[in-house]
There are 2 protein chains.
Amino acid sequence: MVGVITGRMNIAYAQSGGPTAVINRTMMGVVDAALMSGRANHIFAAKHGPKGLIENRFVDLARITGFQRENVANAPGQALGSYRKEPTDEEAATIVCNLQRHDIRALLYNGGDDSARAAAIIQAAAASSRYELQVFHVPKTIDADLLANDHTPGYPSAARFLATAMSWIDCDNRSLPGVYIAVTMGKNAGFLVASTALARNPEYEDSSPHLIYMPERLFDEEQFVHDVKRVYGQFGRCVVAVSEGIGKLVDGKFTELVVALGKSLGGDGFGGLTLSGTISLADALVGIVKEGIEGVRVRGGTFGYEQRVAAGAVSPIDRVEAYDVGRYGVYAAGLADGGSKNIGSCGVSWPDWTSLSGRTTEGGSVVIVQRPMNELVNGTPEQYSATLNLVPLDVVAPPKAKGLPLKKFMPPEFISPNGTDVTPAFFKYAGPLVGDIERFGRLELPEVGPDEK
Amino acid sequence: MVGVITGRMNIAYAQSGGPTAVINRTMMGVVDAALMSGRANHIFAAKHGPKGLIENRFVDLARITGFQRENVANAPGQALGSYRKEPTDEEAATIVCNLQRHDIRALLYNGGDDSARAAAIIQAAAASSRYELQVFHVPKTIDADLLANDHTPGYPSAARFLATAMSWIDCDNRSLPGVYIAVTMGKNAGFLVASTALARNPEYEDSSPHLIYMPERLFDEEQFVHDVKRVYGQFGRCVVAVSEGIGKLVDGKFTELVVALGKSLGGDGFGGLTLSGTISLADALVGIVKEGIEGVRVRGGTFGYEQRVAAGAVSPIDRVEAYDVGRYGVYAAGLADGGSKNIGSCGVSWPDWTSLSGRTTEGGSVVIVQRPMNELVNGTPEQYSATLNLVPLDVVAPPKAKGLPLKKFMPPEFISPNGTDVTPAFFKYAGPLVGDIERFGRLELPEVGPDEK
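What you see is a predicted model, and the numbers here were worked out from it, not measured in a lab.

Asks: Teacher, can you tell me more about the interface of chain B and chain A here?
Replies: When the parts of a complex come together, some accessible area is lost, and that lost area is often used as the size of the interface. In this assembly, 83 residues from chain B lie in contact with 84 residues from chain A. Taken over both partners, the interface formed by chain B and chain A buries close to 6900 Å², and the fraction arising from carbon and sulfur atoms is 58%. Three residues stand out in chain B for area buried against chain A, namely B:Trp168, B:Tyr305 and B:Leu443, and they jointly supply 11% of the buried area on that side. Linking chain B to chain A there are 10 salt bridges. Those elements that place two or more of their residues in the side of chain B that touches chain A are β2 (40-46), β3 (58-60), α3 (66-72), α4 (89-101), α6 (155-175), α10 (278-292) and β11 (298-302) of chain B. When residues in the side of chain B that touches chain A are grouped by element, the largest group, eight residues, is from α6(B). Tallied by class, residues from the side of chain B that touches chain A come to 37 nonpolar, 26 polar and 20 charged.

Set out below in C-alpha cells:
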C-alpha cells in the first residue's frame, strides 16, 4: 500500500503493443486530466513504450502546445512510438529505478493484455524495492478480447472500418457475381470478423457477408465448401469473411489453418516456402473453393494494417471512450477530483469515480464494464453508455504461469448455432459501438418487355 | 453515316467491366441529361451489361424515381450489374437485333478499353445490317490506363483510397518500425501504385511510402533487397508500395513476378499450389526481404476489392467528372442541346459541345483530354479543369489484330530515374484528381534529461 500524495507530483505514460486509430486520444485524455488537475508537475511519456522505460528516454507531455496537440490528437498509431516487450525482472527493476530518477509516483501503461502484464511486473518490482509507485493499465486493443472488458478502445473503429469496407464489397460482388473471401485480423477472438455482419443491409435477404468464420469454432474444409456452395446456389454469389485466427485440431491441439494445411501437404508448409500467416490464408481458402466448386469466379483479399489504424473510420463512441479511459486513469491515480458529480464525458459513466478521488491504491486496470449478457440476449436496446471501473491488474492479465485464459473469446451467445454467423445479441453488442454504417440501396426497376418501344 | 434524329427517341445504356466507386454517377449523368432533354422516350439499361444486351434484358431508367436515385447514385459498383465479355460477331448481330426491337438509336457503353472494343464491334454489326445506330463508349476504369484519356472516372477515387490508407499505414509503421509491403491493383500500368506517393507528408523527410514499384519498370529481386536495406538503414523502417503487375523478363518475355518466381522454383508454381496472383505477391516479397535482411520485422498486405469500390473515399473531382462523361455521351448522341454556353459541370469544360449538338455521327468515345505533358513537367500548377471530347472508338480501343498497344502506360516523365519513385510532374498530374489527403503530424517534444524531476 502506498500513501496518498497530496501535493504536485510527476506521472508517467507509455503506449505499447499494436497501433489503433484512437490510442492518441487516450494520450490526450491523460494529458488533459493531468494538466487540468493543476497537480501534475511533469507528464513523462516514454518513447516507444517499454523500450523508453528501460532506456530512460522520456518527453514531457506537460509541455505540449496546442499546435502539437492538433498534430497528433487525431493521428492513428502511437505518437510516442510503441514496442512489444514483456520486461524481465531485471528490466522491471531498471524501469523502477528510472521512474525513481524522475520522481514519478504513478505510471499509466496503455495497451492490451501483454501491457497489463507488464504493468503488473513493474508494480511488483516497485513493491520489492519499496518504491511508492502506483501502476495503472489503460486498455487498448482492436481485438476486443481483453478480459473483464466489454470491449476496448480501438475495437469500435477497426470494426467500423471492416463493416464499411464490406458494405462496399457487397456492391462489388453484386456487380460481378462470384465468390469473394475477405480475411480480417483477430488471431484469438472473432469480435472483429463478426463486426463485418454490420455491413449487411437488412432490407435485402442476399446482403453480405453471407458466411463468417470465427476462431472460436473449428474450421472444416469440407463443411466450408458445402457452405459456400449452398450460398452460391441460393444467391448466385457469396461473400465470406474469415478471421486470420481460424484453425483446426491437429493431434488434438488447436492449430492455425495455414499451418494445419501446410502440414497436411507434407513438409513444413507450401513446398518449403515460409508462410506469413494471414496472407496465405486467403490464398489457401480460394484454392479450396476453386477445387470444390467448378467454374466459379473466386477471389480473395486480406485486409492489411489499414484496418487497425483507419483514421477515416473512427467511431464516434470510440473517440470518446478512448479519451475517457485516459482521463479515468489520471483520476484513479488520485491526481484529480471531479467534485460531486459524474465527470465522465458525454456517453461515458464513471459511477465509482468518487471512491477514486485521492484513493490509496497500488494501481489497477481501467476497464469498460461488461454489459450484462441477459440484457444483450433478451433486453430491448437502450441508449448505449459505457461504464468505467478500476479492477486489480491480475483480473485483466492473469500471470501466465497460472494457466488461466489470457484473453476473452466471443461468448457462445454471439455465435449462431451453425457457427457461420452472429446472433441478434451480437448486433446489440456491436451496433452502438460501431455506429451507423453507410449501406447502399438498389435499382429495382421492373424488366421491360422484349419488344417494348 | 446515320441521319440526324430530331424527334423523341430511345437510347440504351450498359455498364461493363470492373466496378468503380463512381460508375453509378455516370449512369445518373446519362439519365439526367436524357430526361432533361425532353427527347428521350425510354432509357433502356441492360442488366449485367453485355449479358443483358445479348439476352434482351433491360430496365427503363426513364422510370427512375427520386427514391431509386437516392438508393444508387452514391452506391459503388454497377447498379445495373456488370459482366466481362467481348461479343462475338454473332452475339453483336443479336445485340443489334435486340436494340432494333426496342427502336434504340443510340447505345452508351460504359467501361474500359474492352468495353470500347465491344462498342466498336456492335457499331460494325449495326453498319453491316444497315441499322441506323450510334454507339458511344463512355470511359471508366480505376487504372487510368485508357488510351487517349488523361485519366478515367474511377481512378481518382481508387487513388484517393490508396493514398489515404497509406497515410494511416505510415503512422502504423512509425509506431512499430519494420518493413511493410503493400500490394495495390494496377496490372498493366503504375498510375494506382504511384498514387500512394500522395500519402507522404512533405514536412518529414522519412514520410512513406519510401519505395514504389511500378509495372513499367522491370523488377529485380537483388536491387529490391538493396533498396529496402538502404531505406531501413536510413530511417529504421521502410514502407513499400508495389503494383500487382510488376514482373521481369523470362525468356525475353515480360512475365508477372509471381509466375516468374514460381518458375524459378521449378514446377508450375509454389509446390504445385495454384497462385492467385496479387495475394501471393505480397507473400513472395515478404519472403525475399526476410531472406535478404536478417532480423527485421517484415509484413505484407494486399489491398482487396475495397480499393476499387471505396465509396468513402470518392474524390470530389471524380464525382463530378463521372457524372459529366455520362451527360456528354447524351449530348454527343444529339439528344440534348445546351444552347450557346459551356454546359459542362463546375470544373469540367466541354469546348466542342456545340459541334456535338445534333451532329451526324456513327458514335465515338468520350474522353477526358490529356493535359499537355510539358505543362505537367515545366508549368506551374493552375486551377485544374477537365476537358471532354469525342474521338473515334478505335483511338481508345485499337482492334487487337493490329498489334498496337491496347492500354496506356505511365509516361517516363512520371517515373523517377531510379525507377522506385514518382516525379514532381506526377504530383501535378494526380494531386488535383485525388484532392487533399488527411496527413498526420508528429509529437516533436524534446527528450528530457535523465534525472529531470
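Asks: How do you make sense of the sheet that holds strand β2 (residues 40-46) of chain A when you look at a structure like this?
Replies: Hydrogen bonding along the main chain pairs the strands of a sheet, whether they run parallel or antiparallel. All names here are of chain A. Spatially, β3-β2-β1-β4-β5-β13-β14-β12 is the arrangement adopted by the eight strands of the open sheet, whose pairing is mixed. Single-partner strands in this sheet number two, and they are β3 (58-60) and β12 (348-349). Sheet analysis places strand β1 (residues 9-15) next to strand β4 (residues 104-111), joined by six bridges and oriented parallel. Its bridge partner being in β4, Asn10 is matched across the sheet by Ile104. The sheet strands contacting helix α5 (residues 113-128) are β4, β5 (134-139) and β13 (363-368), and the helix crosses β4 at an angle near 160°.

Asks: Help me understand the relation of the copies chain B and chain A in this model?
Replies: Each of the two copies of the chain can be brought onto the other by a rotation about an axis and a shift along it. Rotating chain B by 180° about the axis while translating it 0.0 Å along that axis superimposes it on chain A, leaving an RMSD of 0.0 Å. Both chain copies can therefore be described as sitting about a two-fold axis. Of the residues that chain B buries at the interface, 100% are likewise interface residues in chain A, meaning the two copies contact each other through the same surface.

Asks: Looking at this structure, I do not really get a nonpolar patch on the surface. What am I missing?
Replies: Together, A:Leu218, A:Leu249 and A:Phe254 line one region of the surface with nonpolar side chains, adding up to about 290 Å² of accessible area. The topology assignment puts A:Leu249 in strand β9 (residues 247-250).

Asks: Whenever I open this one, the packing of helix α1 (residues 23-37) of chain B against helix α11 (residues 316-332) of chain B confuses me. Can you help?
Replies: A pair of packed helices can be characterised by two numbers: the angle between their axes and the separation between those axes. All names here are of chain B. Running from N to C, α1 and α11 cross one another at 40°; their axes reach a closest spacing of 7 Å. When the axes of α1 and α11 are compared, the pair comes out oblique. Two packed elements cross with a definite hand, and for α1 against α11 that hand is right-handed. Packed against α1, whose contacting residues are Arg25, Thr26, Met28, Gly29, Val30, Asp32, Ala33 and Ala34, the element α11 presents Arg319, Ala322, Tyr323, Val325, Gly326, Arg327, Val330 and Tyr331 at the interface. For the contact of α1 with α11, the per-class residue count stands at nine nonpolar, three polar and four charged.

What counts and what doesn't
- Just so you know, the residues in each chain are numbered from 1, in the order the chain's sequence is written.
- Here the convention is simple: chains get letters from A, ligands get numbers from 1, in the order in which they are written.
- Selection of residues for local features in this predicted model requires a pLDDT of at least 70, selection of side-chain atom pairs for listing and counting requires 80 or more, and totals for whole chains, interfaces and linings are taken over all residues.
- Side-chain numbers come from the whole structure's heavy atoms, not from hydrogens or water.
- Here, two residues are considered to be in contact whenever any of their heavy atoms come within 4.5 Å of each other.
- We define buried area as the total accessible area lost by two parts upon association, computed with a 1.4 Å probe and summed across both.
- Between Lys or Arg on one side and Asp or Glu on the other, a salt bridge is scored when a side-chain nitrogen of the former is within 4 Å of a carboxyl oxygen of the latter.
- Numbered from the N terminus, helices here are DSSP runs of H or I no shorter than four residues, and strands are runs of E no shorter than two.
- For this classification, Asp, Glu, Lys and Arg are treated as charged, while Ala, Val, Leu, Ile, Met, Phe, Trp, Tyr, Cys and Pro are nonpolar and the rest, including Gly, are polar.
- Note on pairing: two strands pair once DSSP finds at least 2 bridges between them.
- Helix axes are fitted only over the stretch in contact, all axes being lines through C-alpha atoms; the angle between N-to-C directions runs from 0 to 180 degrees.
- When the copies are superposed, the least-squares fit takes in the C-alpha atoms of residues with a pLDDT of at least 70 in both.
- In this scheme, patches are assembled from residues that exceed 30% relative accessible area and form no salt bridge. Like charges are connected within 9 Å, while nonpolar side chains (Val, Leu, Ile, Met, Phe, Trp, Tyr) are connected within 5 Å.
- Accessibility throughout is a Shrake-Rupley quantity obtained with a 1.4 Å probe, and a residue counts as covered only by protein chains that appear here.
- When describing relative orientation, an angle under 35 degrees is termed roughly parallel and one over 145 degrees roughly antiparallel, while 65 to 115 degrees is termed roughly perpendicular and anything else oblique.
- Take the far helix as your reference; a near helix turned counterclockwise from it by less than a right angle gives a left-handed crossing, and one turned clockwise gives a right-handed crossing.

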